[in-house]
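# Commentary on secondary and tertiary structure
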Amino acid sequence: MGLAKRIIPCLDVKDGETVKGTNFIDLRSAGDPVALGKAYSEAGADELVFLDITASYERRKTFTDMVTRVAQEINIPFTVGGGIDELTDVERLLQAGADKVSINSAAFRHPELIDRVAARFGSQVCVCALDARFDGSDWFCYIKGGRERTEHRLLDRALEMQDRGAGEILFTSMNNDGVKTGYATEALAMLSDRLSIPVIASGGAGCMEHFRDAFTEGHADAALAASVFHFGEIAIGELKKYLKEEGINVRI
Amino acid sequence: MNVAIIKYNAGNIYSVVNALKRLGTDPVLTDDAATLRQADRVIFPGQGEAGGAMKYLRDHALDSVIRNLTQPVLGICVGQQLLCRHSDEGDTDCLGIFDAVVKRFCPTRHEDKVPAMGWNSLRDMKSPLFRGLNDNDFVYFVHSYYVPLCRHTAATTEHIVEYSAAMHRDNFYATQFHPEKSGTVGERIIKNFLEL
């Protein structure tokens, strides 16, 4: 059978609280990232991603405290990201108990950070997040939460990050993100077929078929989503049952 | 129960500590030979690179301490690999509890990703570690090197090749996967180890 395809809910965290509203658990505890993460874990999520979207500098301590609590209470792997700029950020988050870190803009400002993280902690902790948009001719990477376009082409960039030691590529299609019309399966397949490291699909999930397509057409190793889970539009248990019926190897 | 975790340069031990605490034990992290010998259970975690890890263990005389432990010992991930005779990673001589040589995955198709990262299912489980588990229960793996099937194999799984998901010889137990990150199935395995 081999490795199961992974389903990964992504939680945005601001000042230690989850941001998006949710119908998934009762409102009293929906703002607590640990309670929400635990509920997802019990529902069958394979991994969790926590993204710190706090703007202020003081965020570090609050977010690190949250990471410590997640590590104490949740027994599946989790990745943390948002504002990671240097090796000491990575060290702090791993010491708090995170399994992996997701590095985004910093990998463009100083790409050698990926080499250093891989050398110091191993490739397995190093997720490189690439946000890209198709402009009619090719996919170009964006940084700063999608606000700034770079001249880096997605595939070249992903290959470079792999060579530098990234252990996974988290690819978010900005064309698809928030639109709920499905993942960018062609771009996913291009990445997945050229890279030797796992690819996580992100951006565009609206229904269960989209997850199936990310795996069958996009050859993704994992699929990440936020709102469809948070708003209870798709229950993870149902999703995995559906994927299994569609012949996809998932953990149930 | 007195549980000791071997302290050295190749362990992400935080998740192991947390998992043990969730089960109501308070492990001690130590590289002290006497403390390790006296513990009821010893956990040998591992994450990182075999060559540097073995060098550290030798420099701190922990290699012979580990070899001579008599209580139940659980190696995890690189811990399992270091308990083998040799690792192709850095052409490293290891502890030699398990008569096996650690190999690197050789992908043959584009879907064969390395590192092997994610949930995979267990088969042919033959060890008290797996009491109460069902065939094809899933556990979490992250690794680029693997131990081929051998006489010490205690459970198998498959990624590119079929290999040792777990091993057992005398008082030495080992898992290539991370029970501390494997949800309720992993929790059961750790509990079984504590109850051996």
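Residues numbered from 1 in each chain as written. Chains lettered and ligands numbered in written order. Predicted model: local features only at pLDDT ≥ 70, side-chain atom pairs only at ≥ 80, totals over all residues. Heavy atoms only, no water.

## Section: the UniProt feature "active site" (unreviewed entry) in chain A
Residue and element names in this part refer to chain A. Within this numbering scheme, the UniProt entry marks D12 and D131 as carrying the feature "active site" (unreviewed entry). Counting through the fold element by element, D12 comes out in strand β1 (residues 6–14). Take D131: it is sitting in strand β6 (residues 126–134). Within the structure, D131 has its side chain in polar contact with the side chain of N104 (distance 3.3 Å). (UniProt positions renumbered as here; feature names shortened; annotations may be inferred. Helix = DSSP H or I, 4+ residues; strand = E, 2+ residues; numbered from the N terminus. Polar contact = N/O pair within 3.5 Å; in protein donor to acceptor, adjacent residues only side chain to side chain.)

## A look at the packing of aromatic side chains
In total, this model carries 14 aromatic pairs over all chains according to the counting rule given. With a centroid separation of 5.6 Å and an interplanar angle of 50°, the aromatic rings of F134 of chain A and W139 of chain A are classed as tilted. Residue classification places F134 of chain A among the partly exposed residues on the basis of a relative accessible area of 36%. By relative accessible area, which is 12% here, W139 of chain A ends up buried. Both rings, one in W119 of chain B and one in Y140 of chain B, keep their centres 5.6 Å apart while their planes meet at 65°; by these two values the pair is edge-to-face. Note that W119 of chain B is positioned in strand β8 (residues 116–121) and Y140 of chain B in strand β9 (residues 138–143), a separation of 21 residues in sequence. Assigned by exposure class, W119 of chain B and Y140 of chain B land together as buried. An aromatic cluster is defined as three or more aromatic residues linked by ring pairs; in this entry it consists of F105, F141, Y146, Y163 and F177 of chain B. The ring centre of Y142 of chain A lies 5.8 Å from the NZ or CZ of R133 of chain A, which sits over that ring. In this structure, R149 of chain A is placed above the aromatic ring of F140 of chain A, and the distance from its NZ or CZ to the ring centre is 4.2 Å. (Phe/Tyr/Trp six-rings, centres within 6.5 Å; stacked < 30°, edge-to-face > 60°. Buried < 20%, exposed > 50% of the residue type's maximum accessible area, 1.4 Å probe, protein only. Lys NZ or Arg CZ within 6 Å of the ring centre and 35° of its normal.)

## Remarks on the interface of chain A and chain B
A common way to report how large an interface is uses the accessible area buried once the components associate. Across the boundary between the two partners, chain A contributes 39 residues, which contact 27 residues of chain B. Roughly 2,600 Å² of surface becomes buried between chain A and chain B when both sides are summed, with 53% attributable to carbon and sulfur atoms. Broken down residue by residue, the surface that chain A buries against chain B is led by L3, N75 and Q124 of chain A, which jointly contribute 26%. Inspection of the region where chain A meets chain B yields two salt bridges. In this structure, D221 of chain A and K113 of chain B form a salt bridge, with 3.5 Å as the shortest nitrogen-oxygen distance. Between chain A and chain B we count 15 residue pairs in polar contact (both at pLDDT 80 or more) in total. (Contact = heavy atoms within 4.5 Å. Buried area = accessible area lost by both parts, 1.4 Å probe. Salt bridge = Lys/Arg side-chain N within 4 Å of Asp/Glu carboxyl O.)

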